[in-house]
Amino acid sequence: MPDIMPLRRFYLSSALVLSASACTGNIGGQDAELESAAAPARVRRLTRDEYNKSASAVLGTEVDIAQGFAAEDTILGFSTHERLQVTSLLADQLDTAAVTLAEQGRSQLSDLYACPQGKTQDECARSFIQRVGERAFRRPVTAEEETDLLALFNEGKKGGTMATGAELVLQALFSSSSFLYRTELGPEGGRKGQVVELTAYELASELSFMVTGGPPDATLLASAKAGTLSSPDEREAQARRLLKTEAAQVKLRQFFVEWLGLGGLAKVNKNNLVYPDYSVDFRDSMVRERDAFIDFIVKEHSGSVAELLGANYSFVDETLANFYGELERTNVDDNTGLGRVTLPPERQGILTQAGVMSTYAHFDSSSPIKRGKFVLTRLLCRTVPAPPANVSTIPPALSEDATTRERFAAHTDNPACASCHKTIDPMGFGMEDFDGLGQHRTEENGRTVDASGAVIARDGTTNLGNFTGGAQLARYLTTSEELANCVPLQFVRYAMGRDEHASDAELLAAMRTGPYRTDGLKITEALVSLVRSSSFTQRRLPTR
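Predicted model only: the values in this text are computed from it and were never measured.

## Details of the overall build of the protein
- Broken down by element type, the protein carries 26 helices and 10 strands.
- Its C-alpha atoms give the protein a radius of gyration of 26 Å, within 12% of the compact-globule value 24 Å for 544 residues.
- Considering only C-alpha atoms, the protein reaches an extent of 85 × 55 × 45 Å along its principal axes.
- Counting contacts in the protein only where the partners sit at least 6 residues apart, residues at least 24 apart contribute 69% of the total.

This is the structure:
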């Protein structure tokens, strides 16, 4: 095969040019009136999971090659944001992956480039390019792209075979910016500053990646080809169809895990001298409970946030059943060892799971500040500023003569911190009935634990409600208007890969008053409202 490194670099450099736009989140134009008309047109780089699913769709078999790529960062808590870039490290990894996937495709896709009697090799090559190119680009290849790829195919089979030609084309496809990026640019020929409707194939990709985390299937591509995705009813029908798939359930689990900041649970570490129950196996038990519980809420309750926070049950293995108070398990799965339990009154929903309480804690103690900030920022969408530069953020030293609440109350009495801590502390102190591993407690160091708390309004003075313990807080949150309004915004951030835009006002109002709001805060209904909206279909072109 000829040396094709320059080809790969050419395709990849195209992606790098696009990434410069993607990382700004705004391809141009700052005119105030146009700014509010629609979110900016953009391109979005695939995440590692999206890359794997896209490559799998091309090859027709599952691949996991992108898990070795450089990890995504997060913005606003989510890894799906629009500012993912191509670093020099990732560029090299993409080069290597393209070679590997092309070699794999050479054998797995042989039926697509095999040339039957009566067909010319060019005809067979064009058929291969059209079929595989549509899988890779998530749209039909253009005439120009087809011509270029055919030239590559013929170059690849010089002194070789149809297989070497196909391999070179596959390497080009996997290196192409049209594979690595999703466009939200609308049709060609738009005027500067114009608000445009996304093309049918852009809509298909946006809908599919939002719901399943992968490229559009044949049914969705057929709808794009027929031009029916311009209809809100058709988009809703397609979304509801995809929501029934296992891929959609996994994608919604990712939303809940990232929204709640539980992505690092598998790496949580604790001091065994303070928490002798902790072990790697215990940590794995927490991860399994998290996933099984969320999956049940998604599958059986359409992702109801009210059920997520208010459920009086969970799914645990023997380790956590004993840790939670020797709970009796029913319907134990022989493969996972997980069974359903009825939670004791001090636990409610996901908030009081050991995985959540241990995530928002220190290595050797609980953390009222971490827990309070978690609820305020992630569940109520409030902004908590960073502490002043001259204020120490080192947790107060452990003491055998004081409870955690007493230690932190003295630590946060600094007047420079009062404006924030008068909302953080009452929230966090109310979860002090759980230690740093998530074990329920009524005493600490021989002293009675004070788990009384309060939800203080944004103004820092108004008391919206008192509670004692994490379970009471969870019950309060299930009926909180502030939480009900926060969840749609968090989902927009996750699904659209950006923060709230001025043009989203109508969408968010519809999400907050529609079926999502009236039917248990079901995240699937929030998703459907988003898919039906103009925020989903429209973008504003740059003004210059």
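## Considering the state of the cysteines
- One pass over the full model with this rule turns up 2 disulfides.
- Sulfur-sulfur distance for the disulfide between C115 and C124 comes to 2.0 Å. Between C115 and C124, the disulfide has an S-S torsion of 80 degrees and is therefore right-handed.

## What to know about the pairing of strand β5 (residues 339–342)
- Residue alternation in β5 divides its side chains into a buried set, G339 and V341, and an unburied set, R340 and T342.
- Where strand β4 (residues 313–316) meets β5, 4 bridges bridge the pair, whose relative direction is antiparallel. If you follow S314 over to β5, its bridge partner there is V341.

## Some thoughts on helix α3 (residues 48–59)
- Helix length check: α3, at 12 residues, gives a terminal C-alpha distance of 17 Å against a target of 16 Å (1.5 Å per residue), a fit within 8%.
- The buried count for α3 comes to 9 of 12 residues, which makes it a mostly enclosed element.
- Once α3 ends, the next one or two residues include G60, with phi positive near 75 degrees.

## Some remarks on empty space enclosed by the protein
- Per the stated rule, a full pass over the model turns up 2 cavities of 30 Å³ or more.
- A volume near 60 Å³ is recorded for the largest cavity.
- Forming the walls of the largest cavity are R44, E50, T80, R182, E206, F209, M210, K251, Y494 and A495.
- Of all the secondary-structure elements, those providing two or more residues to the lining of the largest cavity are α10 (200–212) and α22 (481–496).
- Sort the elements by how many residues they give to the lining of the largest cavity and α10 lands first, with 3 residues.
- Of the residues that constitute the lining of the largest cavity, the class distribution is 4 nonpolar, 1 polar and 5 charged.
- There is about 40 Å³ of room inside the second largest cavity.
- Considering the residues around the second largest cavity, the lining is formed by R45, L46, T47, R48, Y51, F69, L90, L94 and L180.
- Classifying every residue of the lining of the second largest cavity gives 6 nonpolar, 1 polar and 2 charged.

## Structural notes on the pattern of salt bridges
- Following the criterion strictly, the structure yields 31 salt bridges and no others.
- Residue E146 pairs with R126 through a salt bridge whose shortest N-O separation is 2.7 Å. Note that E146 is positioned in helix α7 (residues 143–156) and R126 in helix α6 (residues 121–137), a separation of 20 residues in sequence.
- Judged by relative accessible area, E146 falls into the buried class, the value being 13%.
- Classification of R126 as partly exposed rests on a relative accessible area of 33%.
- Here E432 and R441 are joined by a salt bridge, their closest N and O atoms 2.7 Å apart.
- The exposure class assigned to E432 is buried, which follows from its relative accessible area of 2%.
- Put simply, R42, R44, E82, E184, E206 and R539 are held in one network by salt bridges that share partners.

## As for helix α23 (residues 505–513)
- Every buried residue of α23 is accounted for by L507, L508 and M511. Buried residues in α23, looked at end-on, bunch into an arc of 95 degrees, giving them a common side. The outward face of α23, more than 90 degrees from its buried face, is lined by the exposed residues E506 and T513.
- Those residues of α23 that are buried lie in contact with α22, α24 (515–518), α25 (523–532) and α26 (534–537).

Definitions and cut-offs
- Residues numbered from 1 in each chain as written.
- Predicted model: local features only at pLDDT ≥ 70, side-chain atom pairs only at ≥ 80, totals over all residues.
- Heavy atoms only, no water.
- Helix = DSSP H or I, 4+ residues; strand = E, 2+ residues; numbered from the N terminus.
- Rg over C-alpha atoms; globule rule 2.2 N^0.38 Å.
- Contact = heavy atoms within 4.5 Å.
- Disulfide = S-S within 2.5 Å.
- Buried < 20%, exposed > 50% of the residue type's maximum accessible area, 1.4 Å probe, protein only.
- Pairing = 2+ DSSP bridges.
- Expected span 1.5 Å × (residues − 1).
- 1 Å grid on protein atoms, 1.4 Å probe; cavity = no way out; pocket = protein on both sides within 12 Å on 5 of 7 lines; lining within 4 Å.
- Points joined across faces, edges and corners; volume = space filled by probe spheres on them.
- Nonpolar A, V, L, I, M, F, W, Y, C, P; charged D, E, K, R; others polar.
- Salt bridge = Lys/Arg side-chain N within 4 Å of Asp/Glu carboxyl O.
- Arc of directions from axis to C-beta.

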